[in-house]
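# Inside the fold
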Amino acid sequence: MIVAKKKPVEEIIEEVKNYEKILVVGCNECVTVCEAGGKKEVAVLASALRMYFMNQGKDIRLDEVTLERQCDHEYLEEIRNIIDQYDAVISLACGVGVQFMAEKYFSTPILPGVDTCFMGAAEERGVWSERCQGCGHCILARTGGICPVSRCAKRLFNGPCGGSTKGHCEIDKDLVCGWQLIIDRLKELGRLEDYEIIAPIKDWSTERAGGPRKVVREDVRQ
Amino acid sequence: MRLRYPSNIRIILLPCTGKVDVIHLLRAFEKGADGACIVGCLEGECHYNNGNIRARKRVEQVRQILDSIGIGGERVQMYNVSSSEAPRFVKIVEEMTEKIISMGPNPIKIARKRKAA
Amino acid sequence: MKTNTPSKLEKILKAGHMAVTSECGPPRGSDPEAITKKAEMIKNHVDAINITDNQTSVTRLCSLAACIRLKLMGLEPVLQMVVRDRNRIALQSDILGAASFDIYNILCLSGDHQQFGDNPQGQNVFDIDSMQLIQMVRLMRDEGKFLGGDDIERPPRMFVGAAANPFADPFEIRVPRLAKKIAAGAEFIQTQCIYNLDKFELWLKQARDRGLHERVFILAGVTPFKSAGMAKYMKNRVPGMDVPDEVVKRMSGVPKEKQAEEGIKICVESIQRLKEVEGVSGFHIMAIEWEEKVPEIVERAGLYPRPSVED
Ligand code: SF4
Ligand code: SF4
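Okay, so let's go over this structure.

So, how was this worked out
Residues numbered from 1 in each chain as written. Chains lettered and ligands numbered in written order. Predicted model: local features only at pLDDT ≥ 70, side-chain atom pairs only at ≥ 80, totals over all residues. Heavy atoms only, no water. Core = buried A, V, L, I, M, F, W, Y, C linked by side-chain atoms within 4.5 Å. Buried < 20%, exposed > 50% of the residue type's maximum accessible area, 1.4 Å probe, protein only. Helix = DSSP H or I, 4+ residues; strand = E, 2+ residues; numbered from the N terminus. Contact = heavy atoms within 4.5 Å. Pairing = 2+ DSSP bridges. Axes fitted to C-alpha atoms, helices over the stretch in contact; angles between N-to-C directions. Buried area = accessible area lost by both parts, 1.4 Å probe. Salt bridge = Lys/Arg side-chain N within 4 Å of Asp/Glu carboxyl O. Nonpolar A, V, L, I, M, F, W, Y, C, P; charged D, E, K, R; others polar. Near = heavy atom within 4 Å.

Our focus in this paragraph is the nonpolar core. Counting 85 residues, the largest nonpolar core has I95(C), I106(C), L133(C), F200(C), W203(C), I271(C) and I285(C) as its most contacted members. Sort the elements by how many residues they give to this core and helix α5 (residues 130-143) of chain C lands first, with 6 residues. If sequence neighbours within four positions are ignored, L133(C) has contacts with M81(C), V83(C), L91(C), I95(C), C108(C), L109(C) and I128(C). Formed by 50 residues, the second largest nonpolar core is a distinct cluster that contains C34(A), V44(A), L25(B) and I65(B).

Shown next, in the form of structure tokens:
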């Protein structure tokens, strides 16, 4: 899922303080699962903002709604009828949702309510960690199912570097060395000799470096 | 044993403090409550394992939010009291009442009145 | 004796001599004397001088310019190059720049993560890794090609080195990793500072068992401790460093004013022991901000005078 974290209330206040009719929009997907931008978080943020403005003696309208997804036309359309009643929207979706809404409702300021962090997994309740950077050409088959792009601090394709210590990365004792994981996994799979195959230089044009990306599927296109 | 405690508080009964969510506390303040104390079982003695630990973390969150919007985080406080400690409960309520009186009323209540006037 | 490049280091190694290299860290400013002075101190006692490339990610005068300074003094530089700060375009371009000044040695490295340095908030590049950098330099040199496939006019002639850390984890892949670097095209290896001699010898034995010592020249890395404090710091703070307790104890066991001498002694003893080990082709003496001690170490270790090889 896409993992995000809540922005501090102070930062949001700074962005919205000049508006009077604000809609807080949550998203029922990833950000709900990682407890950053679902219905519950919408309610908490809206309540906090209402109190803040009331305390400032400002009369503002603050409404709440949570959509199934904010990265799909279908669900974003659900607020078409009401969007004109507001002079700003705080979207608690990931950066994708915020932008998609802004594209759709071109004349309304759409402000982010979360910091979008990475694509990751829920390691345990309250702990999420990165697993993939969407490099556009997955090589997990070669690396024992562990991603060197997202799990090695130097995204080495032929690691580990000389800083790997007791399973930890040189940059942080609390971070596992991605290459230690790769080696452990290759060993488990009985493929340790594959370690000596030199990984070829990566074509980064399918990654961010190649410019904004797009997937077009003619077979499913309408 | 019947003990008297300040009459300006309202008691809301819940099966477990683990039921208290951040939004419940915020709503109370939005509606004008001057303070809230969450009284749970002793830590380690929760009937639902760790309801009171979760409550403590949520209370911490609410305190932060109230601080950042200028209402004052100290208006919320978590206590752990066992059911056999009625005198301690009374003491806590008195202590909380005093603290709230010294902090003054919830600014939201004042703002609401101002608006109504 | 067939050499692949005009490198003096290559000639010395291929003639069967024990090579001695050392390194200089460029200054955090633009004073050329900071480099030339250090080089003057050690030039008669070493065969080649590495210039570090923004080591520990602290911004310094660039390795290439410092190497050119050495070259202008008639010395033999080893251009250290990390893949942290440059993409493949910049790497190839700098290699050509170095080649235009007839710099004949390169050491291919990953580089420490930027969070250790003075710009922890900076971006890193890691377009290719150190293994691939070795391959790339060999491609440029041996086939006269750019990575993109075009021909290079006057290709670089560089003796290609890599680093090896026998002490990093996991230990079981340390020799396979060396084999991989050799397969990528590394011709010489400079190792991480060795304090745990037993572990180093075990690593080297495993390398010998695979015949790797016959395919690459291994220069054992040594660094003298200036003080017991430095020994402790290296032990506890520097990732991938293996300083056994006995060594720290030995340093702490002597009074403060004698610790520097003890550090030199340990260093000299290490060289003397490792000289006898099959597969050690020379030494890389990294006297960090203590270059003036290099001649003494070289002499006391019996590595002086340095051999001369005709051009
Ligand atoms: S290799 Fe690329 S696509 Fe595969 S997990 Fe890593 S970043 Fe994601
Ligand atoms: S220690 Fe491991 S994860 Fe960290 S940079 Fe080195 S190889 Fe990558």
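Residue and element names in this part refer to chain A. Taking strand neighbours across the sheet as the criterion, the 4 strands line up as β3-β2-β4-β5 in an open arrangement whose pairing is parallel. The outermost strands of the open sheet, each flanked by one partner alone, are β3 (61-67) and β5 (110-112). Neighbouring strand axes in the sheet, compared pairwise and without regard to direction, differ in orientation by 25 degrees on average. Looking at chain direction, strand β4 (residues 88-91) and β5 are connected through 3 bridges and run parallel. Within β5, the residue paired with V89 across the bridge is I110. Packing of helix α3 (residues 39-55) onto the sheet brings it into contact with β2 (21-27), β3 and β4, and relative to β3 it is tilted by some 175 degrees.

Once that is clear, we can look at the interface of chain A and chain B. Reports often express the size of an interface as the amount of accessible area lost when the parts come together. Counting residues at the interface gives 17 residues for chain A and 20 residues for chain B. When the buried area of chain A at its contact with chain B is split by residue, M51(A), M54(A) and N55(A) rank highest and sum to 40% of it. Put simply, chain A and chain B have 4 salt bridges between them. For E30(B), the salt bridge is made with R50(A), and the minimal N-O distance between the two is 2.4 Å. Elements represented by at least two residues in the side of chain A that touches chain B include exactly α1 (9-16) and α3 of chain A. In terms of residue count, α3(A) provides more of the side of chain A that touches chain B than any other element does, 10 residues in total. Looking at side-chain class alone, the side of chain A that touches chain B contains 8 nonpolar, 3 polar and 6 charged residues.

A few words on the site of ligand 1. For ligand 1, the full set of nearby residues is C132(A), Q133(A), G134(A), C135(A), C138(A), I139(A), L140(A), C147(A) and V149(A). Among the residues forming the shell around ligand 1, the class breakdown is 7 nonpolar, 2 polar and no charged.

Let's shift gears to the pairing of strand β8 (residues 280-285) of chain C. The side chains of a regular strand alternate between the sheet's two faces. Residues and elements named next belong to chain C. Most of β8 is tucked away, with 6 of its 6 residues classed as buried. Across 4 bridges, strand β1 (residues 19-24) lies against β8 in parallel orientation. Its bridge partner lying in β8, A19 is registered against G282. Of the strand pairs in this sheet, strand β7 (residues 217-222) and β8 are connected by 5 bridges, and their pairing is parallel. For G221, the partnering residue across the bridge sits in β8 and is H284.

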